[in-house]
Amino acid sequence: MPEYMDMEKKTKAKKPAPTKRPVGAPSKYSPEMAAKICALIADGHAVRKIGDMPDMPDSATIFRWLFDDRKPEFRELYTRAKEIQAETMADSIVSISDEDTSCEIRLPDGSSKVVGDSAAVARNRLRVEARKWVAAKLLPRKYGDKIQAEVSGADGGAIAVHSTVTLVRPPARHDEDE
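All values reported here derive from a predicted model rather than from experimental measurement.

Basis of the calculations
- Residues numbered from 1 in each chain as written.
- Predicted model: local features only at pLDDT ≥ 70, side-chain atom pairs only at ≥ 80, totals over all residues.
- Heavy atoms only, no water.
- Helix = DSSP H or I, 4+ residues; strand = E, 2+ residues; numbered from the N terminus.
- Expected span 1.5 Å × (residues − 1).
- Buried < 20%, exposed > 50% of the residue type's maximum accessible area, 1.4 Å probe, protein only.
- Arc of directions from axis to C-beta.
- Axes fitted to C-alpha atoms, helices over the stretch in contact; angles between N-to-C directions.
- Parallel < 35°, antiparallel > 145°, perpendicular 65-115°, else oblique.
- Left-handed = near helix turned anticlockwise from the far one by under 90°.
- Contact = heavy atoms within 4.5 Å.
- Nonpolar A, V, L, I, M, F, W, Y, C, P; charged D, E, K, R; others polar.
- Pairing = 2+ DSSP bridges.
- Phe/Tyr/Trp six-rings, centres within 6.5 Å; stacked < 30°, edge-to-face > 60°.

A. Summary view of helix H6 (residues 118-138). Compared with an ideal rise of 1.5 Å per residue, which puts 21 residues at 30 Å, H6 spans 30 Å between its outermost C-alpha atoms and is within 8% of the ideal. All buried positions along H6 are accounted for by Ala120, Asn124, Val128, Ala135 and Ala136. Projected down its long axis, H6 carries its buried residues within an arc of 135 degrees, all on one side. Counted as exposed and oriented over 90 degrees from the buried face of H6: Ser118, Ala119, Leu126, Trp133 and Lys137.

Right, dumping it as structure tokens:
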């Protein structure tokens, strides 16, 4: 047997057995942590971004708390926070639309000229559309598209109603039946 294979066996044999670690880290859940998370959500932060913040649980933990039947108060806070988030996003649409998207350009003669920045306009349009979409998904009754069904007849005209009336003569009455 070559020497390098013998060395490999010796190395493998010297590895200590892994020590058992507790499954998962202790939960950071508390009513205060739940309120802090929900305040950030209501302010417009995404759960993934909150999970990346220092001293905050990761997004998987937050979603696990959301579906944990032992934490109904968190589910209630989260639902309210998402409703407020929709309102926050809808409110920000006007501010984004009102942003100044012009920029000043220096001309070779030393003067300056103010021109529109098409990239900024496109970015703001995307920001507005994204907020409208999220608000419509979070509060569809308030911000969703209204779908109205209209019923009409052929070629957009009135609906034609055809009725048939059949008159039936009642059976003859005999005096004995009374």
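What follows picks up the thread again.
B. Spatial organisation of the packing of helix H5 (residues 72-98) against H6. Two elements in contact, H5 and H6, have axes whose closest approach is 9 Å; the angle formed by their N-to-C orientations is 155 degrees. What the angle tells us is that H5 and H6 run roughly antiparallel. In this structure, H5 meets H6 at a crossing whose hand is left-handed. Facing H5, whose interface residues are Lys82, Gln85, Ala86, Met89, Ser92, Ile93, Ile96 and Ser97, H6 presents Asn124, Arg127, Val128, Arg131, Lys132, Val134, Ala135 and Leu138. Tallied by class, the residues present in the contact of H5 with H6 amount to eight nonpolar, four polar and four charged.

C. Representation of the pairing of strand E1 (residues 102-106) in the model. As paired strands, E1 and strand E2 (residues 112-116) are joined by five bridges and run antiparallel to one another. When the bridges of E2 are listed, Ser102 appears paired with Gly116. Once E1 ends, the chain turns through five residues before running back antiparallel as E2, passing Gly110 with a positive phi of about 95 degrees.

D. Looking closely at the packing of aromatic side chains. In this structure the tally under the stated criterion is four aromatic pairs. For the pair Tyr29 and Phe74, a centre-to-centre distance of 6.1 Å together with 85 degrees between the ring planes defines the contact as edge-to-face. Highlighted residues: Tyr29 in the loop between helix H1 (3-13) and helix H2 (31-42) and Phe74 in helix H5, separated in sequence by 45 residues. There is no split in this pair, since Tyr29 and Phe74 are both buried. Here Trp65 and Phe74 contribute two aromatic rings whose centre-to-centre distance is 6.1 Å and whose plane-to-plane angle is 90 degrees, an arrangement assigned as edge-to-face. Take Trp65: its relative accessible area is 4%, and that puts it in the buried class.

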